[in-house]
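# Geometric and topological summary
Spelled out, the chains give:
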Amino acid sequence: MTVRTVSGDAQQILLASELIRLGARLQLLESETTLSRERLLKLYKELRGVSPPKGMLPFSTDWFISWQPNIHASVFLGIYRYLLDHARLSGIDAVLKAYRLYLEQMPPEPSEQPVLSLTRAWTLIRFFDNRMLSVQRCDICHGQFISHAFQPRCGTRCGLCHPPARAGKRKRIDKTAEVDYSISSGSNW
Amino acid sequence: MTTPELMSSIRDTNLAYLILAQQMVRQDRATAIYRLGISVELADLIDTLSPAQIVRLASSNLMLVRLRFDETIAGLLSNLSKDRSLIQAHASILFAAQPCEPMAPLNDMSS
């Protein structure tokens, strides 16, 4: 670890606070900041009033493939890669900026959590960097969508050009407002 | 709309765009680069423009800003039968996949 300075420490605490406010889990904080586990735990409790959730992070790449998560994750990944390519950002800064922009593009309903949590977004980047996930270009709109790595390429159509039959049907029957993509059964964490 | 009125509207739009773009770049460079779809070099240049330079640049009778989409994307995005939030998602994915193009007239101004 690098030499610790007070100002460096302060920066790390600010970064950790920002991550916690956006919903980061402890594993993310431990890997992206230089603060000790004890200090992170204390900070987390101070900011959220509860202990961080325990247990492992989900390690399956399948969540990113189902319809609604795929769209949200593809929006985030597109922004992230744009920032990397064009804005000279890298590392956790790029993840943070991209996540804020994602929330702006796909704002959650007032009482709901965002479909893609910050921890999931961070996991996505790790999956992507480790080549467990990749992107494919839709033949119709030419947008880049997340897919399993090493998937054969033949006639790719994205979930937006060709939504599955049941996509977004649930809430329309309920006659609730206009936002209605609700096919995913995956819970947020 | 008469031609002089049209020209004056174009100049107004140019000016409004440049003022907003400079504000965005100064507030948060990386975010502005994404939102505006411009390159780092262009963002740096916009940052350094003085008010007088902005006015001079905006006074062109041609539009300084170009649309960010082609006819395929425009067709997809103006589809009224689709859900608005899905269109927003689609737009965001398609914009992110596009290269950012420099605006030509700015290069002449930088000297």
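About the criteria used
Residues numbered from 1 in each chain as written. Chains lettered and ligands numbered in written order. Predicted model: local features only at pLDDT ≥ 70, side-chain atom pairs only at ≥ 80, totals over all residues. Heavy atoms only, no water. Helix = DSSP H or I, 4+ residues; strand = E, 2+ residues; numbered from the N terminus. Buried < 20%, exposed > 50% of the residue type's maximum accessible area, 1.4 Å probe, protein only. Contact = heavy atoms within 4.5 Å. Areas by Shrake-Rupley, 256 points an atom, 1.4 Å probe, with all protein chains shown as cover. Buried area = accessible area lost by both parts, 1.4 Å probe. Salt bridge = Lys/Arg side-chain N within 4 Å of Asp/Glu carboxyl O. Polar contact = N/O pair within 3.5 Å; in protein donor to acceptor, adjacent residues only side chain to side chain. Phe/Tyr/Trp six-rings, centres within 6.5 Å; stacked < 30°, edge-to-face > 60°. Pairing = 2+ DSSP bridges.

## With respect to the overall build of chain B
- In terms of regular secondary structure, chain B is built from 7 helices and 0 strands.
- Shown N-terminal to C-terminal, the secondary structure of chain B runs as helices and strands in the order α-α-α-α-α-α-α.
- Going through the 111 residues of chain B one by one, you find that 41% of them count as buried.
- Partitioning the contacts of chain B with sequence separation of at least 6, the portion at a separation of at least 24 is 65%.
- With the model as given, the accessible surface of chain B reaches about 6,400 Å², and the carbon-plus-sulfur share is 58%.

## Notes on the interface of chain A and chain B
- Contacts between the two partners involve 31 residues from chain A and, on the opposite side, 28 residues from chain B.
- When the area that chain A buries against chain B is broken down by residue, the three leading residues are Tyr 82, His 86 and Leu 160 of chain A, summing to 27%.
- Here Arg 88 of chain A and Glu 41 of chain B are joined by a salt bridge, their closest N and O atoms 3.2 Å apart.
- Scanning the region where chain A abuts chain B turns up 4 residue pairs in polar contact (both at pLDDT 80 or more).
- Those elements giving two or more residues to the side of chain A that touches chain B turn out to be helix 4 (67-86), helix 5 (91-105) and strand 2 (144-148) of chain A.
- Top contributing element to the side of chain A that touches chain B by residue count: helix 4 of chain A, with 9 residues.

## Here's the deal with the packing of aromatic side chains
Residues and elements named next belong to chain A.
- Summed over the entire model, instances satisfying the criterion amount to 6 aromatic pairs over all chains.
- Arranged with centres 6.2 Å apart and planes meeting at 20 degrees, the rings of Phe 76 and Tyr 80 form a pair that is stacked. Here Phe 76 pairs with Tyr 80, and both are found in helix 4, just 4 residues apart, close to one helical turn.
- On the basis of an interplanar angle of 40 degrees and a centroid distance of 5.6 Å, the ring pair of Tyr 99 and Tyr 102 is categorised as tilted.

## Remarks on the side chain of Ser 17 of chain A
- As for its position among the elements, Ser 17 of chain A is in helix 1 (residues 6-21).
- With a relative accessible area of 8%, Ser 17 of chain A lands in the buried category.

## Re the pairing of strand 2 of chain A
All names here are of chain A.
- The pairing of strand 1 (residues 133-137) with strand 2 spans 5 bridges and is antiparallel. Residue pairing across strands places Leu 133 opposite His 148, the latter belonging to strand 2.
- Following strand 1, the chain reverses through 6 residues before pairing antiparallel with strand 2; His 142 in that reversal takes a positive phi of roughly 65 degrees.

## With respect to the pattern of salt bridges
- Per the counting criterion, the structure on display carries 9 salt bridges over all chains.
- A salt bridge links Arg 100 of chain A to Glu 18 of chain A; the shortest N-O distance between them is 2.6 Å. One end of the pair, Arg 100 of chain A, is in helix 5; the other, Glu 18 of chain A, is in helix 1, with 82 residues separating them in the sequence.
- We classify Arg 100 of chain A as partly exposed; its relative accessible area is 40%.
- The exposure class of Glu 18 of chain A is partly exposed, given its relative accessible area of 27%.
- A salt bridge links Arg 26 of chain B to Asp 47 of chain B, with the nearest nitrogen and oxygen atoms 3.1 Å apart. Taken together, the residues Arg 26 of chain B in helix 1 (residues 3-27) and Asp 47 of chain B in helix 3 (residues 40-48) connect sequence positions 21 residues apart.
- A single salt-bridge network, built from bridges that share partners, covers Arg 26, Arg 29, Asp 44 and Asp 47 of chain B.

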